[in-house]
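# Close look at the chain arrangement
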Amino acid sequence: MSNAIISVEHLLKAYGEVKALDGLSLDIERGVIFALLGPNGAGKTTLIRILATLLRADGGTAHVAGYDVRRNPAEVRRRIGLAGQYAAVDDYLTGRENTEMTGRLYGLPRRQARARAGEVLERLHLADAADRQVKTYSGGMRRRIDLAASLVGEPDILFLDEPTTGVDPASRRDIWGLIHDLVDGGTTVLLTTQYLEEADQLADRIAVIDHGRLVSEGTAEQLKARTGGSVLELSVPDDQRDSAVAILGGVDGGHATYDTHRGTLVLPARRGANTLREALQRLDGAGIRPDDIGLHQPTLDDVFLHLTGRAPAPSALAERTMV
Amino acid sequence: MSNAVIHIGVITKRNLLANLRLPDVLVLSTIQPVTFMLLFLYVFGGAIENALPAAAQGEYINWLVPGILAQSAVFGAAPTAFGLNRDRANGVIDRFRSLPMARSAVLAGRTLADLVRNAFILTLQLGVGIALGFRLQTSIWHLLAAMALALAFGYACSWIMATLGLAMKNAEAIQAAVYLVVFPLTLTSSVFLPTSTMPEWLATFADHQPITIVSNALRGLTLGEGALPVGHTIAGEVLTALAWTVGILVVFVPLAIRTYRRAVS
Ligand SMILES: Nc1ncnc2c1ncn2[C@@H]1O[C@H](COP(=O)(O)OP(=O)(O)OP(=O)(O)O)[C@@H](O)[C@H]1O
Ligand SMILES: [Mg+2]
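Residues numbered from 1 in each chain as written. Chains lettered and ligands numbered in written order. Predicted model: local features only at pLDDT ≥ 70, side-chain atom pairs only at ≥ 80, totals over all residues. Heavy atoms only, no water.

Residue and element names in this part refer to chain A. Around ligand 1 there are 14 residues in total, and Asn40, Gly41, Lys44, Thr45 and Thr46 lie nearest to it. In this structure, Gly41 approaches ligand 1 through a main-chain N or O atom, which is 2.8 Å from an oxygen atom. Here Lys44 contributes a side-chain N or O atom positioned 2.8 Å from an oxygen atom of ligand 1. Isolated, ligand 1 exposes 640 Å² of accessible area, and the fraction of that covered by the protein chains is 67%. Broken down by secondary-structure element, the contributors of at least two residues to the shell around ligand 1 are β2 (18-29) and α1 (44-51). For the shell around ligand 1, a count of residues per class yields five nonpolar, seven polar and two charged. (Near = heavy atom within 4 Å. Polar contact = N/O pair within 3.5 Å; in protein donor to acceptor, adjacent residues only side chain to side chain. Areas by Shrake-Rupley, 256 points an atom, 1.4 Å probe, with all protein chains shown as cover. Helix = DSSP H or I, 4+ residues; strand = E, 2+ residues; numbered from the N terminus. Nonpolar A, V, L, I, M, F, W, Y, C, P; charged D, E, K, R; others polar.)

All names here are of chain A. If you trace the backbone, Arg143 turns up in helix α5 (residues 139-151). Although Arg143 is buried, it forms no salt bridge, and the closest oppositely charged side chain is Asp146 at an N-O distance of 4.1 Å. A polar contact of 3.5 Å, which involves the side chain of Arg143, links it to the backbone oxygen of Glu162. When neighbours within four sequence positions are excluded, Arg143 is seen to be in contact with Ala83, Gly84, Gln85, Tyr86, Ala87, Asp161, Glu162, Pro163, Thr165 and Val167. (Buried < 20%, exposed > 50% of the residue type's maximum accessible area, 1.4 Å probe, protein only. Lys, Arg positive; Asp, Glu negative; His and termini not counted. Salt bridge = Lys/Arg side-chain N within 4 Å of Asp/Glu carboxyl O. Contact = heavy atoms within 4.5 Å.)

With that out of the way, let us pick up the coordination of the magnesium ion (ligand 2). Residue and element names in this part refer to chain A. Those donors, Thr45 (OG1) and Gln85 (OE1), are the protein atoms that reach the magnesium ion (ligand 2), and they lie 1.9 to 2.3 Å from it. Here Gln85 lies in the loop between β6 (80-83) and α3 (95-105) and Thr45 lies in helix α1, a separation of 40 residues in the sequence. Residue classification places Thr45 among the partly exposed positions, given a relative accessible area of 26%. (Donors = N, O, S within 2.8 Å, 3.2 Å for Na, K, Ca; no water.)

With that settled, consider the packing of aromatic side chains. Tallied over the entire structure, the rule returns eight aromatic pairs over all chains. With a centroid separation of 6.2 Å and 80° between ring planes, the pair formed by Phe36(B) and Phe75(B) is classed as edge-to-face. Here Phe36(B) is found in helix α2 (residues 23-48), whereas its partner Phe75(B) is found in helix α3 (residues 60-75), with 39 residues between them in sequence. For the pair shown, Phe36(B) and Phe75(B) are each scored as buried. Where Phe40(B) meets Phe44(B), the ring centres are 5.1 Å apart and the plane angle is 50°; that geometry is what we call tilted. Placement of both Phe40(B) and Phe44(B) in helix α2 is noted, with a separation of four residues, approximately one turn of the helix. Overall, Phe40(B) belongs to the buried group, its relative accessible area being 13%. Through a chain of ring-to-ring contacts, the aromatic side chains of Phe36(B), Phe40(B), Phe44(B), Phe75(B), Tyr179(B), Phe183(B) and Phe192(B) assemble into a single cluster. Sitting over the ring of Tyr258(A), Arg241(A) keeps its end group 3.8 Å from the ring centre. Just above the ring of Trp63(B) sits the side chain of Arg219(B); from NZ or CZ to the centre is 3.6 Å. (Phe/Tyr/Trp six-rings, centres within 6.5 Å; stacked < 30°, edge-to-face > 60°. Lys NZ or Arg CZ within 6 Å of the ring centre and 35° of its normal.)

Coordinates in, geometry out; function isn't part of it.
What follows is the structure, given as structure tokens:
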């Protein structure tokens, strides 16, 4: 792909027995918001750390902005910004000092570092708190200061590892707005997230990874379409769940999966109403009466469940009550 | 100014600010050497005075101050390990490593900030020593040379601590490693007592280990040649101390940088 600003080929990384990355390949186009989606331990952070030159892969290659991360890390570092999974800011410095310091380390002259820091803090709605020590900040403010530090060098490529984890919904929308602005300005953003609606609303393209491998990649719409026409979702009494899963196996050539967060069984329904009818007949024959059953268009939750067999992390945005 | 120099300056400033804004660390690391000096002076001083060379003028404080400056220089290097370990645990090292800056800047900035801190602590300790009766037997230039030598040796030790702080993940393990090694080393040296009072096997070790060499060099510089074991000269002790300092730097600067490069949090 000629327009790829990040290009990953057959990347391998093992920690002892654990294969954090198991032959992952991926191309990311310039100027997009690209989301990495995957359950805990899928290898998202490992990939970001390799791309940010913090970690060496055991095998395969990765290019960022045309430079091999292994052979030319210095060139890569000039063009990237990183906000890691945990905010890396100094508690005893003020927000402004943290941001300015990072600007200086990017090589900006003092005056320019100060001006850039001021702009970025303003943009992240931190201007009022900028001269307080970070130890007085809330969790969401700490994340935003970390983000400010990653932006102050005006990187071409921004790596954000779970940028909105632990952030309240209002700040989250702020951060989303900021990320959109950045991309309008030509920045490429690679982010990881636990929140599917974040990927759905924010990302131009999404890669689902699991066990260090790429499971599926495309726009949110493409991923949903790949799950099949629609999705059958039903709830059955807890003691009948296992037999229901067994009975529904093979309907439409798919299999039912239990979504621990929604508390329902989910099954791809390629034939729509016909799938629904067949499922009901089979359940009837086994004497299982669903409390509730229905067809709906696939959401990213369904995609995630379908591809990884695991329920996505509970949403922080949707007011979904879990039983 | 080259970028590396600017980066080192920025990181040094950051680390020094931590000392000012988290003063508990600075206060504790100042109280410790002063307490040590008082303890050894009053608990052991009376019993020891007879064993001292004439250059000490019969006053234990004269013997003790140069020794304890050597000890503090070594202890003062330990925060290098803790500081780097904390930076790694907080992800700050990750951020620094993702930035277009010289690999050596984080380590240089850390060790330089600890050098400044050590200069502050050693000066304070010397002041307390003078208040308790320490009397310089040579010249002010000799005293300045002694302080510079102590700080140079402490700086070299900072690079050992930097290697340790980056190689070990667990802060408590670092604490244990530092005190298990540094404490016995300062006790089996001439910091508190002339090695002639030790059993022969121990004296042989003590006479040759660097903390004794540095203590002797500081004593020679502040009390004169009479404070040294027979046959030793001030110049000889100072040169040996400098050789240790340079030797430690030659081994541990590259080692610390390599460990930094590999540090993965
Ligand atoms: N330093 C390490 N030592 C040993 N194993 C590790 C290390 N770092 C990661 N792993 C393992 O590698 C796998 C991938 O980890 P990684 O942190 O990349 O996952 P992730 O997708 O970011 O997960 P999460 O959503 O929990 O952040 C996991 O099984 C993890 O336990
Ligand atoms: Mg992660």
